[in-house]
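# Notes for the structure review
Chain residues, written in single-letter form:
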Amino acid sequence: RFILDRYGSGIQETTCGSVALFLFTKIVRTCRTIRILSMAGYGVEAEVLVRSGLEALINLLFITQTDCEERARLFIEFEHVLAKQYSDRVDRWPKLFVGLDLSQRRKDILEQFERVKGNYPKKYFWAAKLIPNGGLKEMAKQVGAGLDLYYDFFYWLGSNQTHSNIRAANEYTGLTEL
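Here the structure, examined in full by the defined rule, presents one disulfide. Between the sulfur atoms of C16 and its disulfide mate C68 the distance is 1.7 Å. On the S-S bond that ties C16 to C68, the torsion sits near 70 degrees, and the link is right-handed. Taken together, the residues span a long stretch of sequence, with C16 in helix 2 (residues 15–39) and C68 in helix 4 (residues 68–92) at a distance of 52 residues. Just as C16 is buried, C68 falls in that class too.

Structural data, given as structure tokens:
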């Protein structure tokens, strides 16, 4: 809200401005939440949010680094790839959707997916057309500003909590051996 109050709604008049505003807002809100959780004694749980905030920062800097309108468009249109993945899950869990007529929505999703799928060689990475041999780690390198270090350390560290592996248990119990 601060950005809109300070700079006016004109910032959202471009695709780049809209995406940048979204990512900036997400970063600020995520950082505020990390602080609140940490001060309340939930720093370990906040690690998941550090990972999310770092990913948003890397995306923001990558999108605004060059060709902002094109990169922002790719970022937004990736929604159609994700929607198709969710739609495909309906087929795997039909009992959950008994009585719902999703045919028109699913038709719309498929049409949009077909329109954009050529821009997304990897179904899990919105920027794969721009970074064909990499993912978020490579994006962090390309952005510079030392973010590859943050990716390699903090993003990776946060995955312990995200995936609840034994390293995460160590932070709660100190369990390292039986």
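Judged by nonpolar contacts, the single largest core of 31 residues is most densely connected at I58, F62, I63, W126 and M139. Secondary-structure elements contributing two or more residues to this core are helix 2, helix 3 (43–65), helix 4, helix 5 (103–116), helix 6 (136–143) and helix 7 (147–163). A per-element tally of this core places helix 3 first, with six residues. In this view, M139 contacts I58, N59, F62, F125, W126, A127 and I131; residues no more than four positions away in its chain are not counted.

Rules used throughout
Residues numbered from 1 in each chain as written. Predicted model: local features only at pLDDT ≥ 70, side-chain atom pairs only at ≥ 80, totals over all residues. Heavy atoms only, no water. Disulfide = S-S within 2.5 Å. Helix = DSSP H or I, 4+ residues; strand = E, 2+ residues; numbered from the N terminus. Buried < 20%, exposed > 50% of the residue type's maximum accessible area, 1.4 Å probe, protein only. Core = buried A, V, L, I, M, F, W, Y, C linked by side-chain atoms within 4.5 Å. Contact = heavy atoms within 4.5 Å.

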